[in-house]
Amino acid sequence: MKNRFFFGITLVGLSSIILSSCSSVPQAEIDTTKEAIEQAKAAGAEVYVHENFIALQDSMDHVMINVESEKTKLFKNYTAVKEQLANVALYAVEVKNLSEVRKEELNVEIQKTITEVKGLIESNRNLILEAPKGKEGTTALIAIKGEIDAIEISLNDATTQLASGDYIATLDKTKAIKEKASAINTELSEVIAKYNKGKKS
Amino acid sequence: MRTKHFLLLFMLTGILLLLVLIKIYSIKTPESELMRAGTLLSQARYEKCSEYATIAFEKSENYYDSAMIEWKYQNAKFFLLRKYDKVFELSFKSIETSNIAIENSKNIKADFEQYLRKRLAQIHFKINEFEKKFGNFPLLQDHREELVKCKLLTFESDLTYKNNNYQLCNQQLDSVDLALDKILDYYTIKLNIYFHDYPQWQRLTEQTISHSRRNNSYAIVIDKIARELLIYKNGNEINSYTIELGLNWIGDKKHQGDKTTPEGLYKVLQKKQKGETKYYKAFLIDYPNAEDKVRFFLNKQNGTIKSDAKIGNLIEIHGNGGKGIDWTDGCIALKDADMDKIFNICPVGTRVVIVGSVNALNKLSIYSK
């Protein structure tokens, strides 16, 4: 009778210990979430949605602390952690999508600027063709033609840069090129106007 | 007896369980410290400490990672053997270094921002100075393209600065600075070499002015650098006009087609009325004079110019100027109204001296800085 009683107590004790240790770390969920974060990073989230990406990393760090915290408890329960991991994974997908959207927005802006610059270059080249062929006109235009050539080279550089996926730097470059191309357009129109004015007088 | 033993055992088990529970709940776990360390690390990332306070930030990250690893390690042990002292220590170190990194990063970023603002202003100033000094110099095609690239990159760096991308902005400014200095040095040296002839220019100018004084006559002094035609009467300057020159105006004319305006002492050979010249009205000068011919011959002999080169002629002071650029084949162009003025007062035979500059290089304010 006594032995049965002790056996019973030991069984209950052991069961409690086993049960409390049984709840295992949700490693699969952790791996899935980490993978989702890596995908967001690969999508350029660190660069294009910097603040969101930091928040994502921060959330993951907090969840990992909660995982370890559960390990210290006698009766472990990872239900809340699993829920947090699922939320972080969802947020990682959202951050990835935000990054893709931002990249697309930049890409559209870059393409638009490139089209505008190409238009300006064409317009500048046409202005050169329309310009007077006299030596005085030609001299001024040779210099401007050189500048247009330099702009075209820079535009090609920007296209190469875009292909490498560096959207922010490419946008800055194309904006700078557009500014210069516009300035040349104005300068060219002024030179031609000045020449025509001189010719009339 | 059995009951007594049973009670004793029961009490002992109870005490043991109580001790275990006390031990478990008395162990302070490092969650809050690690949470704090994690939050500060996030703040450090937000403040771009990885760029501006790299060492402190990396240290902080390492402390945090080590704390997590140590915590994991301790948690893997049997619960009665767990010790979190090292985890606490590492967490505190991470917090401390994160704070240092954030503080340093803020300061460095502010200093860097200020430095770049100044640097950008300096680069803009440098480009403007280059254009002021050498804007009308006959630039080499490569240099012209390089200058356009510099301007583009400067504008780009303005944008990267506005986007708070200071590291990239600094790299861009480094490239602009280097390229600009290279071009600036090239033309500064060229200018200095050009001014080696200054004593001769000075002599010729003085000669011409004193001739005007002695003979109570008019004289024309062409200052290429200043882009000025000066009219002297009885040795006194009475007027000055803006001129335009040949595309490659630096230096003396060497041969036909080099688009250089000759330098030396000449005189007006012929006054061309409207219809006698393509360029409104003109003074034909006596280029090439005897000195030009000798120099041309010597240059041919020493191979400075091709053996089949021609010396050129028909150098004029004419109208149709005012275009704001150097465009002639070597002539001197004035606005028609200015041409009218000098045409009315200067007779055939008027002395014309064409020099690089009537002032020494150190007296020219735009070059003396």
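All values reported here derive from a predicted model rather than from experimental measurement.

## Points about the packing of helix α6 (residues 141-162) of chain B against helix α7 (residues 166-194) of chain B
Relative placement of two packed helices is described by the angle separating their axes and the distance separating the axes. Residues and elements named next belong to chain B. One way to put it is that α6 packs onto α7 with a least axis distance of 9 Å and a crossing angle of 155°. Considering the angle they form, α6 stands roughly antiparallel to α7. In this structure, α6 crosses over α7, and the sense of that crossing is left-handed. Along its contact with α6, which presents H143, E146, L147, C150, L153, T154, E156, S157, T160 and Y161, the element α7 presents Y166, L168, C169, Q172, L173, S175, V176, A179, L180, I183, Y186 and Y187. Of the residues that constitute the contact of α6 with α7, the class distribution is 14 nonpolar, six polar and two charged.

## Topic: the side chain of B:Q74
For B:Q74, the location among the structural elements is in helix α4 (residues 54-76). Relative accessible area serves as the criterion here: at 5%, B:Q74 is assigned to the buried category.

## Some words on the domain arrangement of chain B
Residue and element names in this part refer to chain B. With domains assigned, chain B is organised as domain 1 (26-129), domain 2 (130-195) and domain 3 (198-368). For domain 2 versus domain 3, the distance between C-alpha centres works out to 32 Å. Counting residues at the interface gives eleven residues for domain 2 and 21 residues for domain 3. Regarding the contact of domain 2 and domain 3, the summed buried area is about 1,300 Å², with carbon and sulfur atoms giving 71% of it.

## Some details on the sheet that holds strand β1 (residues 218-223) of chain B
All names here are of chain B. Strand order in this open sheet of eight strands is β3-β2-β1-β8-β4-β5-β6-β7, and the pairing throughout is mixed. The outermost strands of the open sheet, each flanked by one partner alone, are β3 (236-242) and β7 (332-333). Note: strand β6 (residues 316-318) against β7, two bridges, orientation parallel. Bridge assignment links H318 to a residue of β7, and that residue is A333. Sheet contacts for helix α8 (residues 198-215): β1, β2 (228-233), β4 (264-272) and β8 (351-355); angle to β8, the most-contacted strand, approximately 160°.

## Digging into the pairing of β4(B)
Inspection of the sheet shows β4(B) paired to β8(B) by four bridges, in the antiparallel sense. Each bridged residue has a counterpart across the sheet, and for B:Y266 the counterpart in β8(B) is B:V352.

## Considering the environment of B:K4
Residues and elements named next belong to chain B. Residue position: K4 is located in helix α1 (residues 2-26). We classify K4 as exposed; its relative accessible area is 62%. Separated by 114 residues in the primary sequence, K4 and K118 place their C-alpha atoms 90 Å from one another.

## Concerning the packing of aromatic side chains
Residues and elements named next belong to chain B. Under the counting rule described, the total for this entry stands at 23 aromatic pairs over all chains. Arranged with centres 6.4 Å apart and planes meeting at 85°, the rings of Y198 and W201 form a pair that is edge-to-face. One end of the pair is Y198 and the other is W201, both in helix α8 and three residues apart, which spans about a single turn. Judged by its relative accessible area of 2%, W201 is buried. The residue whose ring lies beneath R227 is W249, and the NZ or CZ to ring-centre distance is 4.1 Å. Sitting above the plane of the F343 ring, K271 keeps its charged end 4.8 Å from the centroid.

## Description of helix α2 (residues 31-46) of chain B
With 16 residues, α2(B) should cover 22 Å at 1.5 Å per step; its first-to-last C-alpha distance of 22 Å lies within 8% of that length. Turning to α2(B), its buried residues number three or more, namely B:E31, B:E33, B:L34, B:A37, B:G38, B:L40, B:L41, B:S42, B:A44 and B:R45. Among the structural elements, α4 (50-71) of chain A together with α3 (49-52), α4 and α5 (85-134) of chain B are those in contact with the buried residues of α2(B). A positive backbone phi angle near 55° is found at B:K48, which sits one or two residues after α2(B).

## Observations concerning the domain arrangement of chain A
All names here are of chain A. Split into domains, chain A comes out as domain 1 (25-101) and domain 2 (103-200). The C-alpha-based centres of domain 1 and domain 2 are spaced at 47 Å. Every contact between the two is made by six residues of domain 1 and, on the other side, eight residues of domain 2. Across the domain 1 to domain 2 interface the summed buried area is about 510 Å²; carbon plus sulfur atoms make up 49%. On inspection of domain 1 and its partner domain 2, the count reaches one salt bridge. Note that E100 and K103 form a salt bridge whose closest N and O atoms lie 3.9 Å from each other. One can count nine residue pairs in polar contact (both at pLDDT 80 or more) joining domain 1 with domain 2. Only α3 (45-48) and α5 (79-130) provide two or more residues apiece to the side of domain 1 that touches domain 2. Sorting elements by how many residues they give to the side of domain 1 that touches domain 2 places α5 first, with three residues.

## Re the interface of chain A and chain B
Facing 41 residues of chain A, the contacting portion of chain B comprises 46 residues. Each partner contributes to the roughly 4,100 Å² buried at the junction of chain A and chain B, and carbon and sulfur atoms together form 66% of this total. Linking chain A with chain B are two salt bridges. Close ionic contact of A:D61 with B:R45 constitutes a salt bridge, the shortest N to O distance being 3.8 Å. At 13 residues, the largest contribution of residues to the side of chain A that touches chain B is made by α4(A). A class-by-class count of the residues in the side of chain A that touches chain B yields 17 nonpolar, ten polar and 14 charged.

## Here we look at empty space enclosed by the protein
Residues and elements named next belong to chain B. Under the criterion given, the structure shown has one cavity of 30 Å³ or more. Size it by volume and the largest cavity reaches roughly 40 Å³. Taken together, K253, K254, Y287, D292, R295, F296, N299 and I311 form the lining of the largest cavity. Of the residues in the lining of the largest cavity, the class split is three nonpolar, one polar and four charged.

## Overview of the pairing of β8(B)
Residues and elements named next belong to chain B. For β8, the tally of buried residues reaches four of five residues, placing the bulk of the element in the interior. Inspection of the sheet shows β1 paired to β8 by five bridges, in the parallel sense. Within the sheet, the bridge partner assigned to I220 lies in β8 and is V352.

## Some remarks on the confidence of the model for chain A
Overall, the prediction assigns chain A a mean pLDDT of 84, with 80% of residues at 70 or greater. Least confident of the elements in chain A is helix α1 (residues 2-22) of chain A, whose mean pLDDT is 54; most confident is helix α2 (residues 27-42) of chain A, at 96.

Scoring rules and cut-offs
- Residues numbered from 1 in each chain as written.
- Chains lettered and ligands numbered in written order.
- Predicted model: local features only at pLDDT ≥ 70, side-chain atom pairs only at ≥ 80, totals over all residues.
- Heavy atoms only, no water.
- Axes fitted to C-alpha atoms, helices over the stretch in contact; angles between N-to-C directions.
- Helix = DSSP H or I, 4+ residues; strand = E, 2+ residues; numbered from the N terminus.
- Parallel < 35°, antiparallel > 145°, perpendicular 65-115°, else oblique.
- Left-handed = near helix turned anticlockwise from the far one by under 90°.
- Contact = heavy atoms within 4.5 Å.
- Nonpolar A, V, L, I, M, F, W, Y, C, P; charged D, E, K, R; others polar.
- Buried < 20%, exposed > 50% of the residue type's maximum accessible area, 1.4 Å probe, protein only.
- Domains from an automatic or database assignment.
- Buried area = accessible area lost by both parts, 1.4 Å probe.
- Pairing = 2+ DSSP bridges.
- Phe/Tyr/Trp six-rings, centres within 6.5 Å; stacked < 30°, edge-to-face > 60°.
- Lys NZ or Arg CZ within 6 Å of the ring centre and 35° of its normal.
- Expected span 1.5 Å × (residues − 1).
- Salt bridge = Lys/Arg side-chain N within 4 Å of Asp/Glu carboxyl O.
- Polar contact = N/O pair within 3.5 Å; in protein donor to acceptor, adjacent residues only side chain to side chain.
- 1 Å grid on protein atoms, 1.4 Å probe; cavity = no way out; pocket = protein on both sides within 12 Å on 5 of 7 lines; lining within 4 Å.
- Points joined across faces, edges and corners; volume = space filled by probe spheres on them.
- pLDDT = per-residue confidence, 0-100.

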